[in-house]
Amino acid sequence: AQSVTQPDIHITVSEGASLELRCNYSYGATPYLFWYVQSPGQGLQLLLKYFSGDTLVQGIKGFEAEFKRSQSSFNLRKPSVHWSDAAEYFCAVVNTDKLIFGTGTRLQVFP
Amino acid sequence: GAGVSQSPSNKVTEKGKDVELRCDPISGHTALYWYRQSLGQGLEFLIYFQGNSAPDKSGLPSDRFSAERTGGSVSTLTIQRTQQEDSAVYLCASSLVGQSQETQYFGPGTRLLVL
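Remember, it's a predicted structure, so these values are computed and weren't measured experimentally.

Asks: Teacher, can you tell me more about the pattern of salt bridges here?
Replies: If charged atoms from side chains of opposite charge come close, those side chains can pair. Residue and element names in this part refer to chain A. Counted by the stated rule, this structure contains nine salt bridges over all chains. Linking R22 and D8 is a salt bridge whose minimum nitrogen-to-oxygen distance equals 2.9 Å. Here D8 lies in the loop between strand 1 (3-5) and strand 2 (10-14) and R22 lies in the loop between strand 3 (19-21) and strand 4 (24-26), a separation of 14 residues in the sequence. Under the relative-accessibility criterion, R22 is labelled partly exposed at 38%. Residue D8 is classed as buried on the basis of its relative accessible area, which comes to 18%. Within this structure, E64, E66 and R77 form a network of salt bridges that share partners.

Here it is as structure tokens:
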């Protein structure tokens, strides 16, 4: 069955530091992969998505992610974190048009 | 407002009561999804409507849950005889035509608390 694993439940970084959030997927064919962000009390906002082409995907708010088929990974990165990036981040894969989400990674940013 | 809207924002109910949650998708979007976000289960798919096709109900946890979509637009998720384990945030999303690579746009959710 298709699944998504986010190994890190909680990550803390200092403002200005670089960030990498891990995501591993299990899927038989070429996956359609998404990263969403959820701020407290808010719905989910799409950061970026991958479904074909260039394996390095640029998103909003300075985020990028790299699809690595050999590692079944789709890690999210940002070179310099801002305090406003504190939120919960969800990786997801599409299965017959429905999103299957990972358990999320909560990002805390210290000044 | 151009986004997905949901009402109510919060709902507190007593165990055993029925509740209705409403979702207004983005105008022109033919695909509509319901998801549930709870502490124990994370984010999970409930039901999916695509145009005039029969809905995909494969994620509904029990027969107490049902949903309908009227006129291809507004959707209502109904939970009958609510239980405490139904407490969660119920999220609605819509997309243009429901293809896998499309972005699903999420509403702010309805937070349901069953006492």
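Asks: It is not clear to me how the sheet that holds strand 1 (residues 5-7) of chain B should be interpreted in this structure. Could you clarify?
Replies: In a beta sheet, neighbouring strands are held together by backbone hydrogen bonds and run either parallel or antiparallel to one another. Residue and element names in this part refer to chain B. Overall, antiparallel pairing links the four strands, which are arranged 1-3-7-6 in an open sheet. Every other strand in the sheet has two partners, leaving strand 1 and strand 6 (65-69) as the edge strands with one partner each. Between one strand and the next, the sheet's axes are offset by a mean angle of 15°, whatever the strand orientation. The pairing of strand 1 with strand 3 (residues 19-24) spans three bridges and is classified as antiparallel.

Asks: I would appreciate a short explanation of the pairing of strand 9 (residues 73-78) of chain A in the present structure.
Replies: On a regular strand, one side chain projects to one face of the sheet and the next to the other, so that they alternate. All names here are of chain A. In terms of burial, strand 9 is largely enclosed, as five of its six residues are buried. Where strand 3 and strand 9 come together, three bridges link them in antiparallel fashion. Across the sheet, the residue bridging to L19 is K78, located in strand 9.

Asks: Teacher, can you tell me more about the interface of chain B and chain A here?
Replies: By a widespread convention, an interface's size corresponds to the accessible area lost as its parts come together. Contacts between chain B and chain A engage 19 residues on the former and 16 residues on the latter. Carbon and sulfur atoms make up 56% of the surface buried where chain B meets chain A, a total of about 1,600 Å² over both sides. It is B:L43, B:S100 and B:Q101 in chain B that bury the most area against chain A; as a group they hold 36% of the surface buried on that side. Where chain B touches chain A, the interface holds one salt bridge. B:D56 is the partner of A:K98 in a salt bridge, and the nearest nitrogen-oxygen pair spans 2.8 Å. Across the chain B-chain A interface, the total number found is seven residue pairs in polar contact (both at pLDDT 80 or more). For the side of chain B that touches chain A, the elements supplying multiple residues, two or more each, are strand 4 (31-38) and strand 5 (42-50) of chain B.

Asks: Looking at this model, I keep getting lost on the state of the cysteines. Mind explaining?
Replies: Disulfides are covalent bonds that connect the sulfur atoms of two cysteines. Residue and element names in this part refer to chain A. For the structure shown, the criterion picks out two disulfides over all chains. There is a disulfide in this structure between C23 and C91, and the S-S distance comes to 2.0 Å. One disulfide, between C23 and C91, carries an S-S torsion of -65° and so falls in the left-handed class. Highlighted residues: C23 in the loop between strand 3 and strand 4 and C91 in strand 10 (residues 87-95), separated in sequence by 68 residues.

Asks: Explain unusual backbone geometry to me, please; I cannot follow it from the model alone.
Replies: Peptide bonds are, in most cases, trans, and in most cases residues other than glycine have a negative phi. In this chain, B:S7 is followed by B:P8 through a cis amide linkage whose omega measures -10°. Relative to the elements of secondary structure, B:P8 occurs in the loop between strand 1 and strand 2 (10-13). Backbone geometry places A:K61, a non-glycine residue, at a positive phi of 60°. Its identity is not glycine, yet A:T96 carries a phi of approximately 45°, on the positive side. For A:T96, the location among the structural elements is in the loop between strand 10 and strand 11 (98-101).

Asks: I tried to follow the packing of aromatic side chains on my own but got confused; where do I start?
Replies: Within a pair of aromatic rings, the relevant descriptors are the distance that separates the centres and the angle that separates the planes. Taken as a whole and assessed by the stated rule, the structure comprises 15 aromatic pairs over all chains. Taking the centre distance of 6.3 Å and the plane angle of 25° together, the rings of A:F34 and A:Y36 count as stacked. Here the guanidinium or amino end of A:K98 rests over the ring plane of B:F45, the centre of that ring lying 5.2 Å away.

Rules of the game
Every residue gets a number counted from 1 within its own chain, in the order that chain's sequence is written. Each chain takes a letter, starting from A, and each ligand takes a number, starting from 1, following the order in which they are written. Owing to the predicted nature of the model, reporting of local features is limited to residues with pLDDT of at least 70; listing and counting of side-chain atom pairs is limited to 80 or more, with chain, interface and lining totals taken over all residues. In computing side-chain properties, one takes all heavy atoms of the structure into account and sets aside hydrogens as well as water. A carboxyl oxygen of Asp or Glu within 4 Å of a side-chain nitrogen of Lys or Arg is what we treat as a salt bridge. To qualify as a helix, a DSSP run of H or I must reach at least 4 residues; to qualify as a strand, a run of E must reach at least 2; elements of each kind are numbered from the N terminus. Throughout this description, buried means an accessible area under 20% of the type-specific maximum (1.4 Å probe, protein chains only), exposed means over 50%, and partly exposed covers the range between. Being paired, for any two strands, means DSSP has found at least two bridges between them. Fitting a line to C-alpha atoms yields each axis, with helices limited to the stretch in contact; the angle taken between N-to-C directions then spans 0 to 180 degrees. Contact between two residues is taken to exist if any of their heavy atoms lie within 4.5 Å; hydrogens are not considered. Two parts placed together each lose some accessible area under a 1.4 Å probe, and adding up what both lose gives the buried area. Polar contact is the term for a pair of N or O atoms within 3.5 Å; when the atoms are in protein, one must be able to donate a hydrogen and the other to accept it, and sequence-neighboring residues count only if both atoms are side-chain atoms. The disulfide definition used here is simple: a pair of cysteine sulfur atoms within 2.5 Å. In this scheme Phe, Tyr and Trp rings, the latter by its six-membered ring, pair at centre separations within 6.5 Å, and the angle between planes marks the pair as stacked below 30 degrees, edge-to-face above 60, and tilted otherwise. Here, a charge over a ring is recorded when the distance from Lys NZ or Arg CZ to the ring centre is within 6 Å and its angle to the ring normal is within 35 degrees.

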